[in-house]
Amino acid sequence: MKTKSRIALALILASATATYAMDDDGWATTYESLSAFDSSIPIYGNRPDYVKPIITNLGTILNSNWVSSAGVPKSFTFEAGLPFAIVPITDDDRSYTTSIDILGQRISYETPTIFGEHGNVQQPDNRIYGNENLNSLGVFTYPYLQLAGSFYHARLVLRGMFLPSISQLQKFNLFGFGLQYSFGHFFQYKLPKAAQPLDVSLMFGYSTSGIGYQPDDYNGELDLDISAYTINLVVGYKPIQLVEIMMSLGYQNSSMKSSGHLVNKDNPLQQINPNLTVKGNNGFRFGIKVALQLGSFHPVVGYDYVGKSSFTTNILYFKQSLGKDKTPDEIAKEKESVSNAKTEPQETSVTQESAETTEAEQGESEATETEAEEPSEEQPTEQSEDSAQEEESF
């Protein structure tokens, strides 16, 4: 009760120095919502936590759908599709905790984000409430065109999207590229048969997106420049040829830089100069996915956690290889035959040396025998000479 009383006192004292922070229905006005991007505006300005859910959700989307398989084939492969991720907007996206100094004490209280709820017009306070349009969103998502090509176990991914000016959306563009390399071909042929469908790869993805927004009651434009990147270790296993189960562990980063100039049409003194840079959920990323290969049709569905949950729904995706890679068994036999071919010349050389040695030994043996036989031939000659001398004397 004591804490609640302090929060109430803080809001009452703060509201005494602030203007009315709601429209007629309790929602934040355009000025109150967009002034959060301007660090120079007192009270309503410089509120990064108020708009942080925008980059939290956008960053999660841009860092998704980079991988269609843990393995990258050696033969040329082409991919194309319209992947997208679904990010639920949860209660954590609709409110945040802030604090205020009252009578030398720091008082913390919960207040809505730009996705938050409306206030009670009968009991106004200093809090800035949610935007009516964004509050109605239940999920955050948008698709983009993605193309990829791979060769010799390396994969290049390109993604993009461009929309013309539509109503308040003055611009929307997206561009990204990704790189992936798989290492399974180095070790799969050494594994037991049951473990050969295991593959490991490393991937990097970078995306940038630009959004331009012009409210109906303002001249000018709010520009949001978003960048996001992720790096992941991907492990995949195929229990059967048509199905692959993947797990990824890695890091992601995202940020949103605001710029532009907005002037109220009815009150030119009410201006907003966005200049705030807001970071998303930067840190550990975990994902688990299932990919199917049904001919050229290659859908991928899964779940990611990056401080919040998101779902990969890469359903409209196609993949075609222009060739057939060797199986781990075929690679093992090929390497074994190469190893045997290198060993045969050595064995032949040893055999030749052994034969030469044997011939030399046989030659020495024959020479020895010949020398041994020579004295036996001279002995009869001496005996015959002695006999001749005995005959003469007789």
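Residues numbered from 1 in each chain as written. Predicted model: local features only at pLDDT ≥ 70, side-chain atom pairs only at ≥ 80, totals over all residues. Heavy atoms only, no water.

A. The arrangement of the nonpolar core in detail. One finds Phe37, Tyr50, Val51, Ile54, Ile226 and Met256 to be the most contacted residues of the largest nonpolar core, which totals 36 residues. Of all elements in the fold, only α2 (30–34), α3 (48–62), β8 (169–182), β10 (218–240) and β11 (243–264) reach the threshold of two or more residues within this core. It is α3 that provides the largest number of residues to this core, a total of seven residues. The residues touching Ile226, leaving out its near neighbours within four places in the chain, are Ile55, Leu58, Leu62, Ser207, Thr208, Ser209, Ile211, Ser255 and Met256. Val67, Val234, Met246 and Val300 belong to the second largest nonpolar core, which has 11 residues in total. (Core = buried A, V, L, I, M, F, W, Y, C linked by side-chain atoms within 4.5 Å. Buried < 20%, exposed > 50% of the residue type's maximum accessible area, 1.4 Å probe, protein only. Helix = DSSP H or I, 4+ residues; strand = E, 2+ residues; numbered from the N terminus. Contact = heavy atoms within 4.5 Å.)

B. Spotlight on the pairing of strand β3 (residues 95–102). In terms of strand pairing, β3 meets strand β4 (residues 105–112) through eight bridges, oriented antiparallel. Bridging from a neighbouring strand, Thr97 pairs with Glu110 of β4. Turn length for the β3-β4 hairpin, with the two strands adjacent in sequence and antiparallel, is two residues, and the turn residue Leu103 shows positive phi of about 55 degrees. (Pairing = 2+ DSSP bridges.)

C. Up close: α3. In a regular helix each residue adds 1.5 Å, so 15 residues correspond to 21 Å; α3 covers 20 Å between its end C-alpha atoms and thus fits that length. Among the 15 residues that make up α3, 12 are buried, leaving the element largely enclosed by the rest of the structure. Every buried residue belonging to α3 is among Tyr50, Val51, Pro53, Ile54, Ile55, Thr56, Asn57, Leu58, Gly59, Thr60, Ile61 and Leu62, and all of these are buried. (Expected span 1.5 Å × (residues − 1).)

D. How the structure looks around the layout of surface pockets. Of the pockets and cavities examined, the largest pocket occupies roughly 1,500 Å³. Along the wall of the largest pocket there are 43 residues; nearest its centre are Pro73, Lys238, Gln241, Asp325 and Lys326. The greatest single-element share of the lining of the largest pocket, amounting to five residues, is contributed by helix α5 (residues 328–393). Taken together, the residues that form the lining of the largest pocket break down as 13 nonpolar, 18 polar and 12 charged. As a volume, the second largest pocket reaches approximately 990 Å³. Surrounding the second largest pocket, 32 residues form its lining, Asn133, Leu134, Leu137, Leu169 and Tyr213 being those nearest its centre. At the level of secondary structure, the elements contributing two or more residues to the lining of the second largest pocket comprise α2, α3, α4 (132–135), β5 (139–140), β8, β9 (198–213) and β10. Among the residues forming the lining of the second largest pocket, the class breakdown is 20 nonpolar, eight polar and four charged. (1 Å grid on protein atoms, 1.4 Å probe; cavity = no way out; pocket = protein on both sides within 12 Å on 5 of 7 lines; lining within 4 Å. Points joined across faces, edges and corners; volume = space filled by probe spheres on them. Nonpolar A, V, L, I, M, F, W, Y, C, P; charged D, E, K, R; others polar.)

E. Main features of empty space enclosed by the protein. This model, assessed by the stated rule, comprises two cavities of 30 Å³ or more. Estimates place the volume of the largest cavity at around 150 Å³. Around the largest cavity sit 17 residues that line it, and Val67, Asn232, Ser248, Lys289 and Asp304 are the ones nearest its centre. Residues belonging to the lining of the largest cavity are distributed by class as follows: seven nonpolar, seven polar and three charged. Reported here for the second largest cavity is a volume of approximately 30 Å³. Surrounding the second largest cavity, Ser68, Ser69, Gly71, Val72, Pro73, Glu79, Ser150, Arg155, Gln180 and Lys319 form its lining. Looking at side-chain class alone, the lining of the second largest cavity contains two nonpolar, five polar and three charged residues.

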